[in-house]
Amino acid sequence: MTTTATAPAAPAPAAPALRAKRRRSALRTAAFMSPWLIGFAVFFAYPLLSTVYFSFTKYDGFRAPAFNGLDNWSYVFTDYPLFWPAMRNTLWLVAVMVSCRVVFGLGVGLLVTRIKTGAGLFRTLFYLPHLAPPVAATLAFVFLLNPGTGPVNTLLDSVGLPTPGWFTDAGWSKPALTALALWGVGDLMVIFMAALLDVPKEQYEAAELDGAGPWARFRHITLPNISPIILFAVVTGVIQAMQYYTEPLVAGKTAAGVIGGSGQQFEPGYPDKSTLTLPQLVYNVGFQRFDYGSACVIALVLFALSMAFTALLMRRRGGLIGSGD
C-alpha cells in the first residue's frame, strides 16, 4: 500500500500585507485617473454644486449671495411669464427638429451611398452647409425666407402657392428653424454613411435570395445594424436641442429688425415668444437682468431634462427603431 505525499499549502499572506498591496493598487489606479478626476471636479462637479447653491440664494453678481429658500424656484415656475413658453418651444424642438434631422440625415446617407457616379461631389455638397458659421447661416436663411422680398416666397407666389411669414409669423418660425437645421444635416449624413457602408453585404445578398424587398431589407438588416448609430444621433441631437441658443436668437433679432451693437437691450423670442428657448432665458435672466439665482434654476431644469431624456432613450433603445426579427 502506497501513500501519496501532498505538498504543504503556501502560507496565506498576512492581512496587513494584503491591505497594503490593495492600497498601492488603488493609489496607482487613482494616479492614472487623476487627469480625468481633476477635470471632472473642476469643470463639472464644482459648477453643478455651485449652480445648485446659487439657485437657493438672491445673488446679482455684485453683492454676496443671500439665502432665500425656494423663492427663485417659485418665481421661475409660477411668476416668470417667459418660462413656460420657452419650455414648450424647447420641447417642440426636441420632439420635431431632432426627429426630422435624424430621419433626413439617414435618408441623405442612404441616397449618397447608392450613387455610383459623382458620389464624392454629392458628399461634399451635402456636407458643406454644416461648415457654415451658425450666425451667417441664420442670417442667410432669414433673408431667403423674408416674406416680402425673399426669393423663396417669390418663387412660391409665382407658382400660386401660399407664402408663409416664416420668421415673422409665430406659427412658422419653428418650422423655419427646423428647415435651417435640415440644411446643415451634413454631420449626421457622414455618420450614417459610415454606418451604412459597414453593414455586411452578405446579409443583403442572402435576403435578396430569400425574396426580401427593399423595405424588408431596410427594416430587418439595415436598421438593426445601424441601431447604435441612430441612438447616438438621437441622444446627441436631444442634448444639442437643449442647448439651442444662437440660431433662434439671431433669427428673432434679425426678423425684428434689431441688429444693434453691444449694450442694446432685446427681449428674446420674436415673434410672439415663438423662438424663445430655455438657454436664451438663462442668458437673459442671468446676464441682462442680473438675477443669477433664477438663472441657475433654469439651468438646473435644462440639466434635469437632458439627463431624463438621455436616460429614457438609453433604457428604451430597443424600442427606438424596432426589432430586426
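Residues numbered from 1 in each chain as written. Predicted model: local features only at pLDDT ≥ 70, side-chain atom pairs only at ≥ 80, totals over all residues. Heavy atoms only, no water.

Right, let's talk about helix α1 (residues 15-54) for a bit. Between its terminal C-alpha atoms α1 stretches only 47 Å, short of the 58 Å expected from 40 residues at 1.5 Å a residue. Its axis deflected by about 60° at Met33, α1 carries its strongest bend there, up to four residues before the proline Pro35. (Helix = DSSP H or I, 4+ residues; strand = E, 2+ residues; numbered from the N terminus. Expected span 1.5 Å × (residues − 1). Bend = angle between axes of the 7 residues up to and from the residue.)

This next bit is on the nonpolar core. Formed by 58 residues in total, the largest nonpolar core has its most connected members in Phe83, Phe167, Leu278, Leu281 and Ile298. For this core, the leading source of residues is helix α10 (residues 214-242), giving 12 residues. (Core = buried A, V, L, I, M, F, W, Y, C linked by side-chain atoms within 4.5 Å. Buried < 20%, exposed > 50% of the residue type's maximum accessible area, 1.4 Å probe, protein only.)

Okay, unusual backbone geometry next. Along the chain, Tyr270 connects to Pro271 via a cis peptide bond; the corresponding omega equals 0°. Within the element layout of this structure, Pro271 appears in the loop between α11 (246-255) and α12 (278-288). Unlike most non-glycine residues, Asp272 shows phi in positive territory, near 55°. For Asp272, the position within the fold is in the loop between α11 and α12. In this model, Lys273 sits at a positive phi of 65°, which is unusual for a non-glycine residue. Relative to the helices and strands, Lys273 is located in the loop between α11 and α12. Using a relative accessible area of 35% as the deciding quantity, one classes Lys273 as partly exposed.

Taken together, Met33, Trp36, Leu37, Phe40, Phe44, Phe303 and Met307 make up a surface patch of nonpolar side chains, about 660 Å² in accessible area. Where the nonpolar patch is concerned, the elements lending two or more residues are α1 and α13 (292-315). When residues in the nonpolar patch are grouped by element, the largest group, 5 residues, is from α1. By the secondary structure assignment, Trp36 is in helix α1. (Patch = residues over 30% accessible without salt bridge, like charges linked within 9 Å, V, L, I, M, F, W, Y side chains within 5 Å. Areas by Shrake-Rupley, 256 points an atom, 1.4 Å probe, with all protein chains shown as cover. Salt bridge = Lys/Arg side-chain N within 4 Å of Asp/Glu carboxyl O.)

Turning our eyes to something else, we now look at the packing of aromatic side chains. Tallied over the full model, the rule gives 19 aromatic pairs. Ring geometry for Phe141 versus Trp183: centroids 5.6 Å apart, planes at 55°, classification tilted. Note that Phe141 is positioned in helix α5 (residues 134-144) and Trp183 in helix α7 (residues 173-183), a separation of 42 residues in sequence. By relative accessible area, Phe141 is classed as buried at 12%. An aromatic cluster is defined as three or more aromatic residues linked by ring pairs; in this entry it consists of Tyr53, Phe54, Tyr59, Tyr245, Tyr283, Phe287 and Tyr292. Its guanidinium or amino end placed over the ring of Trp92, Lys174 lies 5.8 Å from that ring's centre, counting from NZ or CZ. (Phe/Tyr/Trp six-rings, centres within 6.5 Å; stacked < 30°, edge-to-face > 60°. Lys NZ or Arg CZ within 6 Å of the ring centre and 35° of its normal.)

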